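A look at the structure
Here are the chains, one letter per residue:
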Amino acid sequence: MKNYIDNSGRRIPFERDLGRGGEGAVFALSGDSSSVAKIYHQEPSPQFVEKLTARVSRESTQLTAVTAWPTRLIYDFCPNRAARFLIPCIHSFAT
């Protein structure tokens with residue numbers, strides 16, 4: 001598996017694959033049960049990275065309370081390009 005970092009240069013250690021779908025795969029993070037990482041099968045376009053960047057900048061406690069809103073971008077370690085993101089891990093859903 002590739003190495004990923006966040007925008008401050010911290011390594012994002014993956015623990016295990018939680019599931020796969022049409023767009024990508026979701027991974028649990030080692031030592032962080034509050035977030036998961038979504039890794040796309042295809043390299044995201046520059047426009048999509050721009051869209052993710054805008055979403056991350058609008059993150060709020062109101063949004064993360066009701067949605068799996070992106071909270072941080074993560075990057076391929078080499079080359080350093082925005083590729084994926086972290087979202088809160090939703091452990092249960094109340095109806």
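Let me begin by describing the structure that accompanies this report. Quick caveat: nothing in here was measured; it's all calculated off a predicted structure. (Residues numbered from 1 in each chain as written. Predicted model: local features only at pLDDT ≥ 70, side-chain atom pairs only at ≥ 80, totals over all residues. Heavy atoms only, no water.)

Observations concerning the overall build of the chain
In terms of regular secondary structure, the chain is built from two helices and seven strands. Reading the helices (α) and strands (β) of the chain from amino to carboxyl end gives β-β-β-β-β-α-α-β-β. A burial count over the chain gives 34% of its 95 residues as buried. Across the chain, the fraction of contacts at a sequence separation of at least 24, relative to all contacts at a separation of at least 6, is 38%. (Helix = DSSP H or I, 4+ residues; strand = E, 2+ residues; numbered from the N terminus. Buried < 20%, exposed > 50% of the residue type's maximum accessible area, 1.4 Å probe, protein only. Contact = heavy atoms within 4.5 Å.)

Some details on the environment of Gly24
Note on placement: Gly24 falls in strand 4 (residues 24–29). Each C-alpha atom, one on Gly24 and one on Ile39, is 5.4 Å from the other, the two residues being 15 residues apart in sequence. Not counting residues within four places of it along the chain, the set of residues in contact with Gly24 comprises Gly19, Ile39, Tyr40 and His41.

Digging into the pairing of strand 3 (residues 14–20)
Pairing analysis gives five bridges linking strand 3 to strand 4, with the strands arranged antiparallel. Considered in strand 4, the bridge of Phe14 is made with Leu29. With antiparallel pairing between neighbouring strands as the criterion, strand 3 and strand 4 make up a hairpin whose turn holds three residues. (Pairing = 2+ DSSP bridges.)

Digging into the packing of aromatic side chains
If you walk through the whole model with that rule in mind, you get three aromatic pairs. Seen from their ring centres, Tyr4 and Phe14 are 5.3 Å apart, and the 20 degrees between their planes marks the pair as stacked. Of the two residues, Tyr4 is situated in strand 1 (residues 4–6) and Phe14 in strand 3; the sequence distance between them amounts to ten residues. With respect to burial, Tyr4 and Phe14 carry one shared label: buried. Judged by centre distance (5.0 Å) and plane angle (15 degrees), the ring pair of Phe14 and Phe27 falls under stacked. Note that Phe14 is positioned in strand 3 and Phe27 in strand 4, a separation of 13 residues in sequence. On the accessibility criterion, Phe14 (17% relative accessible area) is buried. A residue is classified by how much of its surface remains accessible, and Phe27, at 6% relative accessible area, is buried. If you follow Arg55 out to its NZ or CZ, it ends over the ring of Trp69, 5.9 Å from the centre. (Phe/Tyr/Trp six-rings, centres within 6.5 Å; stacked < 30°, edge-to-face > 60°. Lys NZ or Arg CZ within 6 Å of the ring centre and 35° of its normal.)

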